[in-house]
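Geometric and topological summary
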Amino acid sequence: MIGIFHVFMWYFLLVLYTGQIKGAFGTYEPVTYKTGCTLWGISFIIAGVFLIRVTKYPTRSGIISTLIINIICIITTITAVTLTIIELSHFNSVSYRNYGQAKLGREVSRILLFFYALEFSIALTHSIYSCSNLFRRQNDLTSVTEEADSTP
């Protein structure tokens, strides 16, 4: 759900920034917009799909795949937070015609900053539980093997 929200926010920013008028001071194109930072929400959608699949059909390879995808989401989130903080800390003057669009875009970035923290906590929680699940499954397999070896 958060990933879909990120993709919709990217589309909103796309419409917002492509509608700017070239002025004396230029247009406002932040680094998060140039890199498609909010479009990275697709990785959150993929992580959600993998998580639902592993919940229905738990396999060792599925759990490992979900863990890898969640780690990628954590890295993506940290990168997005860094780029958003850089964007919000620097504001060059833009044409007065584009000031409202730039201000609205910065507000969207502030909103997304909250959702990045939420996505980070969700991905980290799922990663921790995936690791513990893998460790528990390994211990269960070891104990079953030891029982089979000890019975005559």
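Residues numbered from 1 in each chain as written. Predicted model: local features only at pLDDT ≥ 70, side-chain atom pairs only at ≥ 80, totals over all residues. Heavy atoms only, no water.

**Focus on the overall build of the protein chain**
In terms of helices and strands, the protein chain carries 5 helices and 0 strands. The order of helices and strands in the protein chain, counted from the N terminus, is α-α-α-α-α. A separation of at least 24 residues holds for 80% of the contacts in the protein chain among residues at least 6 apart in sequence. For the protein chain, the accessible area works out to roughly 9500 Å², and carbon and sulfur atoms hold 69% of it. (Helix = DSSP H or I, 4+ residues; strand = E, 2+ residues; numbered from the N terminus. Contact = heavy atoms within 4.5 Å. Areas by Shrake-Rupley, 256 points an atom, 1.4 Å probe, with all protein chains shown as cover.)

**Re the packing of aromatic side chains**
Aromatic ring pairs are reported here in terms of the distance separating the ring centres and the angle at which the planes meet. One pass over the structure, following the stated rule, counts 1 aromatic pair. Here Phe 114 and Phe 115 contribute two aromatic rings whose centre-to-centre distance is 5.3 Å and whose plane-to-plane angle is 75°, an arrangement assigned as edge-to-face. (Phe/Tyr/Trp six-rings, centres within 6.5 Å; stacked < 30°, edge-to-face > 60°.)

**Remarks on the nonpolar core**
Grouped together as the largest cluster of nonpolar side chains are 10 residues: Met 9, Leu 13, Leu 16, Tyr 33, Cys 37, Ala 80, Leu 83, Val 108, Leu 112 and Tyr 116. Setting aside anything within four residues of it in sequence, one finds Ala 80 in contact with Cys 37, Trp 40 and Tyr 116. (Core = buried A, V, L, I, M, F, W, Y, C linked by side-chain atoms within 4.5 Å. Buried < 20%, exposed > 50% of the residue type's maximum accessible area, 1.4 Å probe, protein only.)

**Considerations on the UniProt feature "transmembrane region" (unreviewed entry) in the protein chain**
Residues given the UniProt feature "transmembrane region" (unreviewed entry) here are residues 7–25, 31–52, 64–88 and 108–129. Note that residues 64–88 is 100% helix and 0% strand, and that its end C-alpha atoms are spaced 36 Å apart. Measuring from the first to the last C-alpha atom of residues 108–129 gives 32 Å, for a span that is 100% helix and 0% strand. (UniProt positions renumbered as here; feature names shortened; annotations may be inferred.)

**Things to note about the environment of Ala 47**
With respect to the element layout, Ala 47 can be found in helix H3 (residues 41–56). The spatial distance from the C-alpha of Ala 47 to the C-alpha of Ile 69 is 5.7 Å, given a sequence separation of 22 residues.

**Side note on the packing of H3 against helix H4 (residues 60–89)**
Axis separation between H3 and H4 bottoms out at 9 Å; the angle between their running directions is 155°. With respect to each other, H3 and H4 are oriented roughly antiparallel. Handedness of the H3/H4 crossing: left-handed. Residues Ser 43, Phe 44, Ile 46, Ala 47, Phe 50, Leu 51 and Val 54 of H3 touch H4, and the partners they reach there are Gly 62, Ile 63, Ser 65, Thr 66, Ile 69, Asn 70, Cys 73, Thr 76 and Thr 77. Grouping the amino acids of the contact of H3 with H4 by side-chain chemistry returns 9 nonpolar, 7 polar and no charged. (Axes fitted to C-alpha atoms, helices over the stretch in contact; angles between N-to-C directions. Parallel < 35°, antiparallel > 145°, perpendicular 65-115°, else oblique. Left-handed = near helix turned anticlockwise from the far one by under 90°. Nonpolar A, V, L, I, M, F, W, Y, C, P; charged D, E, K, R; others polar.)

**Considerations on the side chain of Ser 130**
Take Ser 130: it is sitting in helix H5 (residues 99–150). What makes Ser 130 buried here is its relative accessible area of 9%. Residues contacting Ser 130, with those up to four places away along its chain left out, are Ile 63 and Leu 67.

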